Amino acid sequence: FGVHALLVVTVTLSPVTAVAQCENDVTGEDIYPPLWDLAPENLLDFPVKDNKIVIRAWNYQDRLGAYKSLLNASAKYFDAFGPQNSGNILWGLPLQHGWQFHTGRLADPSGVTSCGYENGELLCQSVRSWWSCMNYYLSIIPLLGAVEAGLFGQLPYEIEILPPEEQKDDFCYSVKDCWSRTPKLMDDWKAFFEYLLSTEHKTVSSASLSSFKLDDALDLMWKAHVSSIAYALPRFRDSLKYLPDPEAHFGEDWANAVDFIAATHFSTDLLNTNDFQAFLPQRMLVEGDVLPSISDFSPEQNKVLVSLRVLHKANKLTGGLLLKLWRKAMSTEAGREMGRKLIESLGSS
């Protein structure tokens, strides 16, 4: 069982090679999240009211602007890993959010409001969307953690996050508020950005990049990422009731798979993440979608969904032992490299 389960894991996580995608120039618009060019470039591009930078976290464009601010402010630390900031490992966050947006996962799944729909408020992100609520802890918390770490220097204003219309107690809205409500998450994200900042004044040249270890940065980023999901998952379990059963199952399967992906220190740069996302479902799953034969999904998309399902079930059946075994196998740099190579070889076979 153990060997079979680990093979299921590697198949599940396999970023099936999309050759054409890799050959794209990194400036190609199709590899960026939808509406990326329209998002605010940095924190001072957001409106200021009462001496506070105001971010509408339930507006797709503003949340995208939070990501863009993070990517721009951290770009200099990733110069050695790819041109035009393409090697920045923070790309995984906005690209995931862009996928959620263009597949309709941020719209109101209850249908009570027009939030998130083309014939209503397209850029609105519904607080009834499980994906949108989960993503709050992978966008606003990283942003405020970066502010606290000093990534943006000394800002002239505090940051205020506007609350949603419902479920206001499920979120935090400022650096102080988030420290009070979610200290571990803030601490984990702050630690990642502090690591980046700690490398700034060390001598870095093309010959010696010892002051910045990508594996160390990935370790800290994935630790924070997993913490955010672990905190948000039980908090928003009730939001799954708004989703069709196949989509709700997929959401939980996906959250479970992130733990396994994280253990490999998968590099979530621009091209890697685009390759990986090519085989995620490009629409919401609905009643009547039966795996592994969803007719408008590619064989690869069906295969990934089945693998995610099996992986989640296997991990639950073993009481989490499967994840513990996987993490143990991935606990050394050599092990993680082997794991990634195994994943890649299975994906391209």
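Here the structure is a predicted model, which is why all the values come from computation and not from measurement.

### Description of helix α10 (residues 245-263)
- Between its first and last C-alpha, α10 extends 28 Å over 19 residues, near the 27 Å set by a 1.5 Å rise per residue.
- Summarising burial for α10: 15 of the 19 residues are buried, a large majority.
- In the stretch just after α10, His265 is the one whose phi turns positive, near 55°.

### What to know about the state of the cysteines
- Taken as a whole and assessed by the stated rule, the structure comprises two disulfides.
- There is a disulfide in this structure between Cys115 and Cys124, and the S-S distance comes to 1.9 Å. What sets the handedness of the Cys115 and Cys124 disulfide is the S-S torsion sign, and at about -90° it is left-handed.
- Each disulfide pairs two cysteine sulfurs, and for Cys172 the partner residue is Cys178, the sulfurs being separated by 2.0 Å. Every disulfide takes its handedness from the sign of the S-S torsion; for Cys172 and Cys178 that torsion is 95°, giving right-handed. Just as Cys172 is buried, Cys178 falls in that class too.
- Here the bonded cysteines of the chain are numbered in sequence order, and their pairing is 1-2, 3-4.

### A closer look at the sheet that holds strand β2 (residues 52-55)
- Spatially, β1-β2-β3 is the arrangement adopted by the three strands of the open sheet, whose pairing is mixed. Pairing within the sheet leaves two strands with one partner each, and these edge strands are β1 (48-49) and β3 (158-161).

Cut-offs applied
Along each chain, residues carry numbers from 1 onward, in the same order as the chain's sequence is written. In keeping with the model being predicted, local features are shown solely for residues with a pLDDT of at least 70 and side-chain atom pairs are shown and tallied solely at 80 or more, while totals for entire chains, interfaces and linings include all residues. Side-chain figures throughout are based on the complete set of non-hydrogen atoms in the structure, without hydrogens or water. The secondary structure listing takes helices from DSSP runs of H or I that are at least 4 residues long and strands from runs of E that are at least 2 residues long, numbered from the N terminus. Helix span, as expected, comes to 1.5 Å for every residue beyond the first. When accessible area is computed with a 1.4 Å probe and restricted to protein chains, residues below 20% of their type maximum are described as buried, those above 50% as exposed, and intermediate ones as partly exposed. Only a pair of cysteine sulfur atoms within 2.5 Å counts as a disulfide in this structure description. One bridge is not enough; two strands pair if DSSP finds at least two bridges between them.

Coordinates in, geometry out; function isn't part of it.
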